[in-house]
Amino acid sequence: MRHTRIRGVGTYRPRRVVPNSEIVGRIDSTDEWIQTRSGIKTRRFAGDDETVQSMSVAASQVALERAGVSAYDIDCVIVATVSHLMQTPAVATLITEDLGATPAAAFDISAACAGFCYGLALASDMVRCETATNVLVIGVEKLSEITDPEDRGTAFIFADGAGAAVVGPSQQPGISPVVWGSDGSKYDYIRQIKSWDDVFTEDKPQWPNLHVAGNPVFRWASFEMAKVAKQALDLAEIGVEELDAFIPHQANMRITDAMARSLKLPDTVAIARDIADQGNTSAASVPLAMDRMLDEGAIKSGDRALLIAFGAGLAYAAQVVTIP
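Position numbers for residues start from 1 in each chain and track the written sequence from start to end. Predicted model: local features are reported for residues with pLDDT of at least 70 only, side-chain atom pairs are reported and counted for 80 or more only, and whole-chain, interface and lining totals are derived from all residues. Hydrogens are left out, water is left out, and the side-chain values use all remaining heavy atoms of the structure.

Novice: Would you mind going over the sheet that holds strand β11 (residues 245-248) with me for this structure?
Specialist: What links the strands of a sheet is backbone hydrogen bonding, and the strands pair in either a parallel or an antiparallel sense. If DSSP finds at least two bridges between two strands, the strands pair. Numbering of helices and strands runs from the N terminus; a helix is a DSSP stretch of H or I covering at least four residues, while a strand is a stretch of E covering at least two. Taken in spatial order, the 5 strands make up an open sheet running β8-β14-β13-β11-β12, and their pairing is mixed. Two strands bound the open sheet, and with one partner strand each, they are β8 (179-182) and β12 (270-271). As paired elements, β8 and strand β14 (residues 315-322) share 4 bridges and run antiparallel to each other. For Val-179, the partnering residue across the bridge sits in β14 and is Ala-318. Two residues qualify as a contact provided that any one of their heavy atoms is within 4.5 Å of a heavy atom in the partner residue. Convention adopted: a line fitted to C-alpha atoms gives each axis, helices being fitted over their contacting stretch, and angles between N-to-C directions are expressed from 0 to 180 degrees. The sheet strands contacting helix α8 (residues 253-263) are β11, β12 and β13 (304-311), and the helix crosses β11 at an angle near 135 degrees. Most of the contacts of helix α10 (residues 285-296) go to β11, to which it runs at about 145 degrees, and overall it touches β11, β12, β13 and β14.

See below:
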């Protein structure tokens with residue numbers, strides 16, 4: 001089996017920047033409370049013309065250019081999202097057509113915040129087994145459409161954006177084996193508040209927005225995910241001192257800090273903190289954070305980064321990658 005690597009990444013951040021001052025009035029809160037609880041100062045909300053499809057296409061075009069790969073050379077497109085509100089067809093097929101990658105295989109996956117890391121693992125295995133040569137992995141969300149602006153527990157958290165990565169063959173290992181799993185016994189920690197069946201039986205139907213049990217999620221992610229991260233390092237056969245970067249799902253700054261402490265990351269390891277200005281973009285958060293670190297010079301091509309993501313399900317995944 002051949003080795004794999006990320007050949008290029010690209011992102012799209014919506015135009016509208018939303019500071020905490022626009023959120024606090026409807027949830028009886030303050031900027032200080034939001035920053036203390038989550039680390040978020042601003043977030044991005046997509047406009048009507050910035051859709052899951054269009055944001056994905058924009059991010060993918062950048063990733064393809066940076067990878068030096070044409071859309072025609074893409075064999076498969078994997079889209080991780082929970083906010084494409086049309087159940088079928090998969091938005092991946094529409095994105096594939098927009099990019100000019102038809103007739104590439106195309107499908108969506110629903111693993112919430114872990115979606116991009118799931119997609120990366122699938123893409124790597126496809127390339128290693130020679131099912132595909134180049135796979136485009138996209139994490140994209142428009143969570144502002146499924147967030148209750150008056151829910152004090154979620155209104156300040158979620159945001160919109162897209163990130164994409166091209167995965168292809170490599171002479172050296174560039175994507176380690178994945179550690180992934182789920183715990184359905186805790187499905188109600190992060191979930192849609194009701195099913196569509198429930199919505200349509202209501203006298204006055206209300207949108208089925210997201211619900212997050214903040215404290216249980218914080219406890220679970222802060223400690224259980226550190227164990228998963230250590231397993232991923234073991235599979236990659238490296239120690240924390242050999243890492244250059246730690247890029248976790250941008251769920252909450254306090255969770256990131258707790259995992260970093262648990263892993264005993266040395267000061268030499270750069271830590272992604274994209275959530276401060278972007279908010280929690282679920283499946284898009286890991287590629288968005290990686291791209292920001294590259295743009296700001298916090299990491300460089302050839303560095304080794306530990307990726308880890310976790311979310312509804314509770315689904316999780318972690319792997320070590322070489323930065324493109």
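Novice: I tried to follow the packing of helix α3 (residues 52-67) against helix α4 (residues 91-99) on my own but got confused; where do I start?
Specialist: Packed helices, taken two at a time, are described by their axes: the angle between them and the distance between them. For the pair α3 and α4, interaxial distance at closest approach is 10 Å and the crossing angle is 50 degrees. Relative to α4, α3 is oriented oblique. For α3 against α4, the interelement crossing comes out right-handed. Facing α3, whose interface residues are Val-52, Gln-53, Ser-56, Val-57, Ser-60, Gln-61 and Leu-64, α4 presents Val-91, Leu-94, Ile-95, Asp-98 and Leu-99. Its residues assigned to classes, the contact of α3 with α4 comprises 7 nonpolar, 4 polar and 1 charged. Note on terminology: angles under 35 degrees are roughly parallel, angles over 145 are roughly antiparallel, angles of 65 to 115 are roughly perpendicular, and the others are oblique. In this scheme the handedness of a crossing depends on how the near helix is turned from the far one: anticlockwise by less than a right angle means left-handed, clockwise means right-handed. In the scheme used here, Gly and all other residues not listed as nonpolar or charged are polar, with Ala, Val, Leu, Ile, Met, Phe, Trp, Tyr, Cys and Pro taken as nonpolar and Asp, Glu, Lys and Arg as charged.

Novice: How should the domain arrangement of the protein be read in this particular structure?
Specialist: By a frequent convention, interface size equals the accessible area lost on bringing the separate parts together. Residue ranges labeled as domains rest on an automatic or database domain assignment. Segmenting the protein into domains produces domain 1 (3-170) and domain 2 (179-322). Placing the centre of domain 1 and that of domain 2 at their C-alpha centroids yields a distance of 14 Å. Each partner contributes residues to the interface: domain 1 has 47 residues there, and domain 2 has 43 residues. Interface area, domain 1 with domain 2, both sides summed: about 3,500 Å², of which 61% is carbon and sulfur. Take the accessible area each of two parts loses on contact, using a 1.4 Å probe, and add the two losses: that sum is the buried area. Three residues, Arg-13, Cys-113 and Cys-117, lead the burial of domain 1 against domain 2; their summed loss comes to 19% of the area buried on that side. What counts as a salt bridge is simple: a side-chain nitrogen of Lys or Arg found within 4 Å of a carboxyl oxygen of Asp or Glu. Summed over the shared surface of domain 1 and domain 2, the result is 2 salt bridges. Residue Asp-291 is joined to Arg-66 by a salt bridge in which the shortest nitrogen-to-oxygen separation is 2.7 Å. By the criterion applied in these results, polar contacts are pairs of N or O atoms within 3.5 Å in which, for protein atoms, one can donate a hydrogen and the other can accept it, and in which residues neighboring in sequence qualify only through two side-chain atoms. At the boundary of domain 1 with domain 2, the tally comes to 18 residue pairs in polar contact (both at pLDDT 80 or more). Among the elements of the structure, β1 (3-12), α2 (31-38), β3 (42-45), α5 (115-128), β6 (135-142) and β7 (160-170) are those that each provide at least two residues to the side of domain 1 that touches domain 2. Broken down by element, the side of domain 1 that touches domain 2 gets its largest block of residues, 7 residues, from α5. Its residues placed into classes, the side of domain 1 that touches domain 2 shows 24 nonpolar, 12 polar and 11 charged.

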